[in-house]
Amino acid sequence: SDFPTNGFSEAAADTIFSSLARLNFNVGDNKLFKSPIHLIGHSRGTVVNSEIAQRFGNYEPDVRLSMTSLDVHDFNQPSLDIPVAEYIQLAGAGASALGASAVGSLLQVWGGLPTNAIIPTGDFLDPDVQRWSNIDFAEHYYQILASPTALPVGSGLVSTPNGRFVPNFDVSINFNGRAGFTTDDGLATLTALGNGSLRPGGPHSRVWRWYGATTDLSVSEFSKGGEPVFRRLADKDEVEFQGVSIPWYNAQSFALGLGPWEGIGTGWAFAPQGGVPYAGASSATRIPVSFDNSETINPSGLAIPSVFNGDFEEGSFNRSWLLQYSLGGLLTNLTGDLPGWSFHGGAFQTTRTAFDGDRLIAL
């Protein structure tokens, strides 16, 4: 979801977990939940996976899980906020300088309105990812390369969400310093646009490519003409790797740069289907699934509300931020979809409320 308010990740987890429970029921004999279950997620998908795991622990405590988190993004990163007002005023100053003073003045007045201050896309109010007590193996791979704070107007637009260290995981590896993980090439500047070096999402997206390439050692790029995978010394000459020769992969028990570079003995190898037991020490600290990790006040008082949004005060029903960016509430009324699957792979019904009426009835 690109909708910066709480509720969507939790509602998506509700939907996915209930779908799995239904599938398990349809298959019969608890066969699905007796099978190895491995949750893999990237960015805010790691939050959804964490919430799914919590629901497993609450409703199906005998099911044991593995969880792979790729660049966990569950926190506030102000550099991802969009300073609309400053750019509108900058455009107004430019128009005035080009002789269109009336247009320039109008733009500057418009940009000065409090409703145009900042679109808060730096914080989605997601609950923090946890290593729950029902997770037998938890691994995390991440990078921290984008500016965490807002840049001055004209310095470029940040499109790279950062990851973070997550405690209590068995494996937690920071990729900073490896090829493709030395600078934020997702920073949109005039220079990057001009020389073709801009890679939207940059190292944030490279984390999932790192893991994806461990599932198939023959992959050299993702999609035709897509980003390359670093497996050989010659790959350092690719634009994305900027001449850096520190490899992506180090097989288990090898120091970085001293073992095989192909991607064996790491990543997918530790999955239930990968067949390689993790030889390192496991974390002894697990978080009970009864812990409430909500980012904002949870009126229900439950770690997992029985019907998320059942109190009608969470998610998109709490639209105070959106009211700031709508004209008389019109935009709010036209984009009032409920949290859940429609924002995670389904259609966005922009005129649903206007034609269907009360959203409580739709729920």
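Residues numbered from 1 in each chain as written. Predicted model: local features only at pLDDT ≥ 70, side-chain atom pairs only at ≥ 80, totals over all residues. Heavy atoms only, no water.

## Description of the pattern of salt bridges
Counted by the stated rule, this structure contains 12 salt bridges. Notably, a salt bridge pairs arginine 206 with glutamate 227, separated by 2.9 Å at the nearest N-O pair. With arginine 206 in helix α7 (residues 202-215) and glutamate 227 in the loop between α7 and α8 (320-323), this pair connects stretches of sequence that are 21 residues apart. Here arginine 206 and glutamate 227 have matching classes, each one buried. A salt bridge links aspartate 235 to arginine 232; its shortest N-O distance comes to 2.9 Å. Take aspartate 235: its relative accessible area is 6%, and that puts it in the buried class. By relative accessible area, which is 52% here, arginine 232 ends up exposed. Linked through salt bridges whose partners overlap, the residues forming this network are Asp185, Arg206, Arg209 and Glu227. (Salt bridge = Lys/Arg side-chain N within 4 Å of Asp/Glu carboxyl O. Helix = DSSP H or I, 4+ residues; strand = E, 2+ residues; numbered from the N terminus. Buried < 20%, exposed > 50% of the residue type's maximum accessible area, 1.4 Å probe, protein only.)

## Observations regarding the packing of aromatic side chains
Following the criterion strictly, the structure yields 17 aromatic pairs and no others. Between the aromatic rings of tyrosine 141 and phenylalanine 175, the centroid separation amounts to 5.9 Å while the plane-to-plane angle is 20°, which identifies the pairing as stacked. Remark: phenylalanine 175 occurs in the loop between β4 (171-174) and α6 (190-195) and tyrosine 141 occurs in strand β3 (residues 135-142); sequence separation between them is 34 residues. Side by side, tyrosine 141 and phenylalanine 175 carry an identical accessibility label, which is buried. Note on phenylalanine 270 and tyrosine 278: the rings are 5.4 Å apart at their centroids and 80° apart in plane angle, and the pair reads as edge-to-face. An aromatic cluster is present here, built from Tyr141, Phe175, Phe181, Trp210, Tyr211, Phe230, Phe241, Trp248, Tyr249 and Trp261 joined pairwise through their rings. A cation over an aromatic ring shows up here: arginine 44 above the ring of phenylalanine 124, its NZ or CZ 4.1 Å from the ring centre. (Phe/Tyr/Trp six-rings, centres within 6.5 Å; stacked < 30°, edge-to-face > 60°. Lys NZ or Arg CZ within 6 Å of the ring centre and 35° of its normal.)

## Thoughts on the environment of phenylalanine 241
If you trace the backbone, phenylalanine 241 turns up in the loop between α7 and α8. Judged by relative accessible area, which is 0%, phenylalanine 241 ranks as buried. Separated by 11 residues in sequence, phenylalanine 241 and phenylalanine 230 place their C-alpha atoms 8.1 Å apart. When near neighbours in sequence (up to four residues on either side) are disregarded, phenylalanine 241 contacts Ala179, Gly180, Pro228, Val229, Phe230, Asp235, Lys236 and Trp248. (Contact = heavy atoms within 4.5 Å.)

## Section: the sheet that holds β4
With respect to topology, 4 strands assemble into an open sheet ordered β1-β2-β3-β4, the strand pairing being parallel. Because the sheet does not close on itself, it has two edges, and the strands there are β1 (37-42) and β4. Ignoring which end each strand starts from, the neighbouring axes of this sheet average 5° apart. Summarising the sheet, β3 and β4 pair through 4 bridges and their orientation is parallel. Residue histidine 140 lies in a different strand from β4, and its bridge partner there is serine 172. (Pairing = 2+ DSSP bridges. Axes fitted to C-alpha atoms, helices over the stretch in contact; angles between N-to-C directions.)

## Topic: the side chain of serine 69
Secondary-structure assignment places serine 69 in strand β2 (residues 65-70). Those residues in contact with serine 69, other than ones at most four positions away along the chain, are Gly41, Thr46, Val129, Glu139, His140, Tyr141 and Phe169.

## Some remarks on the packing of helix α1 (residues 8-27) against helix α3 (residues 45-59)
Two elements in contact, α1 and α3, have axes whose closest approach is 8 Å; the angle formed by their N-to-C orientations is 50°. Taken together, the axis directions place α1 and α3 in an arrangement best described as oblique. In this structure, α1 crosses over α3, and the sense of that crossing is right-handed. Residues Ser9, Glu10, Ala12, Ala13, Asp14, Ile16, Phe17 and Leu20 of α1 form the contact with α3, whose own contacting residues are Val47, Val48, Glu51, Ile52, Arg55, Phe56 and Tyr59. Residues belonging to the contact of α1 with α3 are distributed by class as follows: 10 nonpolar, 1 polar and 4 charged. (Parallel < 35°, antiparallel > 145°, perpendicular 65-115°, else oblique. Left-handed = near helix turned anticlockwise from the far one by under 90°. Nonpolar A, V, L, I, M, F, W, Y, C, P; charged D, E, K, R; others polar.)

## Focus: the confidence of the model for the protein
Taken as a whole, the protein shows an average pLDDT of 80; of its residues, 73% reach a score of 70 or greater. Highest mean pLDDT in the protein belongs to β2 (98); lowest belongs to helix α9 (residues 330-334) (42). (pLDDT = per-residue confidence, 0-100.)

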